[in-house]
Amino acid sequence: MNILITADLHLDLWADAGRDPFAGILPVLRSLDALIIAGDLANDPHRNWPWALSRIARLVSPAQIWVIPGNHDYYGATLDDDVLTRIASAAGAHLAQKRALTFGTPRLLCCTLWTDFALLGDPEAAMTRAATVMPDYARTLRTDGEFLSPEDVAAIHQDHLNWLTREMTEPWPGQTVIVTHHAPSSAVSGPMSVISPAFASDLDGWMEAHRPDYWFFGHTHRTLSTRIRGAPVINVSLGYPDEVPKGGEAELLLRGFIFPGA
């Protein structure tokens with residue numbers, strides 16, 4: 001089994017920059033059993049997801065492509081996973097929001113997760129700060145037409161964490177891998193700032209209680225990894241094109257995101 005798990009492709013921005021992040025790994029892509037995109041495929045999904053998925057589908061069978069929404073995947077649209085499901089399905093791909101995927105013995109528990117804004121101990125202050133500086137709350141609408149709020153995504157975080165908790169209670173004979181867009185620990189958030197609670201939650205205790213075998217995430221664009229209670233916690237962000245030097249760096253990053261237990 002050969003699974004590539006990556007995040008933060010931002011293919012609209014790579015196209016604008018005239019670069020192709022997949023150019024150096026075509027043989028790898030053609031040998032994949034699954035491609036899991038853990039958020040931020042492209043801004044403005046109505047306009048950019050169809051061509052982005054079509055581009056990837058020339059390299060990987062669309063039936064093997066699974067997309068977990070990231071915050072950017074709602075920009076210019078509504079926070080409506082049914083809409084994203086329809087766009088992905090029209091391209092022959094799949095949305096993996098609150099989905100348990102099985103590939104042989106590993107199962108992958110997939111969701112956006114968002115954050116609870118409690119990383120620094122003051123969720124209210126963190127929400128106020130996020131609403132001020134994060135584009136999420138000026139570029140994404142709720143289904144009722146109002147702008148998204150930090151309180152909205154904190155509630156979704158709890159819903160997604162509840163789903164993960166329920167799934168972890170289901171017996172499974174093989175490895176359990178969690179794949180989210182947002183980060184689960186301060187240990188992989190990088191240098192702390194007032195905006196860090198919008199990127200990571202403190203789920204170290206949750207991992208102690210539930211013991212996943214791996215946790216892959218994106219969102220931070222920081223290639224940091226750690227082990228929490230024995231489980232590798234690994235950032236799989238590719239990132240914006242101006243964050244990835246030319247000359248094979250994208251190839252090296254993507255090759256490094258092949259799931260080692262598959």
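See the structure printed just above.
Since this is a predicted model, take the numbers as computed values, not measurements.

The rules behind the values
Each chain has its residues counted from 1, running along the sequence as written. Per-residue local features are limited, in this predicted model, to residues with pLDDT of at least 70; the limit for side-chain atom pairs, both in listing and counting, is 80 or more; totals at the level of whole chains, interfaces and linings are taken over all residues. No hydrogens and no water enter the side-chain calculation; it runs on all heavy atoms of the structure. Should DSSP find at least two bridges between two strands, the strands are regarded as paired. Runs of E in the DSSP output that reach at least two residues are strands. Runs of H or I that reach at least four are helices, and both are numbered from the N terminus. Residues are treated as being in contact if the distance between any of their heavy atoms lies within 4.5 Å. To get an axis, fit a line to the C-alpha atoms, keeping to the stretch in contact for a helix; angles then go from 0 to 180 degrees between the N-to-C directions. Joining through side-chain atoms within 4.5 Å is the link that ties buried Ala, Val, Leu, Ile, Met, Phe, Trp, Tyr and Cys residues into a set, and such a set is a nonpolar core. Think of it in three bands: residues with accessible area under 20% of the maximum for their type are buried, residues over 50% are exposed, and the middle band is partly exposed, with areas taken using a 1.4 Å probe on protein chains only. As used in this structure description, the phrase polar contact means that two N or O atoms lie within 3.5 Å; if the pair is within protein, one of them must be able to donate a hydrogen and the other to accept it, and residues adjacent in sequence are counted only when both atoms belong to side chains.

*Asks:* Could you give me a rundown of the sheet that holds strand E1 (residues 3-6), with the residues and numbers involved?
*Replies:* Strand order in the open sheet formed by four strands is E1-E2-E3-E5, and the pairing between neighbours is parallel. Across the chains shown, the open sheet's two edge strands, defined by having one partner strand only, are E1 and strand E5 (94-95). Judged from the four bridges that link them, E1 and strand E2 (residues 34-38) form a sheet pairing that is parallel. When the sheet's bridge partners are listed, Ile-3 is paired in E2 with Ala-34. Across the sheet, helix H3 (residues 45-57) lies against E2, strand E3 (65-68) and E5, angled at about 145° from E3, the strand it touches most.

*Asks:* Run through the nonpolar core, naming residues and quoting values.
*Replies:* Counting residues in hydrophobic clusters, the biggest one holds 66 residues, and the most contacted among them are Ile-36, Leu-41, Trp-49, Ile-56 and Val-179. Among the elements that line this core, the one with the most residues is E2, at five residues. Among residues more than four places away in sequence, those in contact with Val-179 are Ile-5, Ile-36, Ala-38, Ile-68, Leu-108, Leu-109, Cys-110, Cys-111 and Phe-216. By size, the runner-up hydrophobic cluster in this structure holds 19 residues, among which are Cys-111, Leu-119, Ala-200 and Ile-228.

*Asks:* Before we move on, could you go through unusual backbone geometry and cite the residues and values that matter?
*Replies:* Leaving glycine aside, a negative phi is the common case for residues, and trans is the common case for peptide bonds. In this structure, Asp-8 is a non-glycine residue whose phi angle is positive, near 55°. Relative to the helices and strands, Asp-8 resides in the loop between E1 and helix H1 (11-16). When its relative accessible area of 0% is taken as the criterion, Asp-8 is described as buried. Here His-219, not a glycine, exhibits a phi torsion of approximately 75°, which is positive. Relative to the helices and strands, His-219 is located in the loop between strand E10 (214-217) and strand E11 (225-228). Residue class for His-219 comes out buried when judged on its relative accessible area of 5%.

*Asks:* So, the environment of Leu-41: which residues are in play, and what are the values?
*Replies:* Its location among the elements puts Leu-41 in the loop between E2 and H3. Here the alpha-carbon distance between Leu-41 and Gly-218, two residues 177 residues apart in the chain, equals 11 Å. Those residues within four positions of Leu-41 in sequence are excluded, and the remaining contacts are Leu-9, His-10, Leu-11, Asp-12, Trp-49, Ala-52, Leu-53, Ile-56 and Asp-73.

*Asks:* Describe the environment of Gly-174, listing the residues and the values that go with them.
*Replies:* By secondary structure assignment, the location of Gly-174 is in the loop between helix H7 (150-168) and strand E9 (176-180). Relative accessible area serves as the criterion here: at 23%, Gly-174 is assigned to the partly exposed category. Residues within four places of Gly-174 in sequence aside, it is in contact with Thr-105 and Asp-213.

*Asks:* If you had to explain the pairing of strand E6 (residues 99-102) to someone new, which residues and values would you point to?
*Replies:* Where E6 and strand E7 (residues 107-111) come together, four bridges link them in antiparallel fashion. Among the inter-strand pairings, Ala-100 is bridged to a residue of E7, identified as Leu-109. In sequence, E6 turns back onto E7 through a hairpin of four residues, with Gly-104 there showing a positive phi of about 70°.

*Asks:* Report on the sheet that holds E6, specifying residues and quantitative values.
*Replies:* Across the sheet, which stays open at both edges, the six strands sit in the order E6-E7-E9-E10-E12-E11 with mixed pairing between neighbours. A strand with exactly one partner marks an edge of an open sheet, and here the two such strands are E6 and E11. Going from strand to strand, the sheet's axes swing by 20° on average, the running direction of each strand aside. In this structure, E10 lies alongside strand E12 (residues 231-235), joined through three bridges in parallel fashion. Residue pairing for E12: Trp-215 is matched across the bridge by Val-233.

*Asks:* I'd like to hear about the side chain of Thr-220, residue by residue, with values.
*Replies:* With respect to the helices and strands, Thr-220 occurs in the loop between E10 and E11. The buried category is assigned to Thr-220, whose relative accessible area is 11%. A distance of 3.0 Å separates the side chain of Thr-220 from the side chain of Asn-235, its partner in a polar contact.

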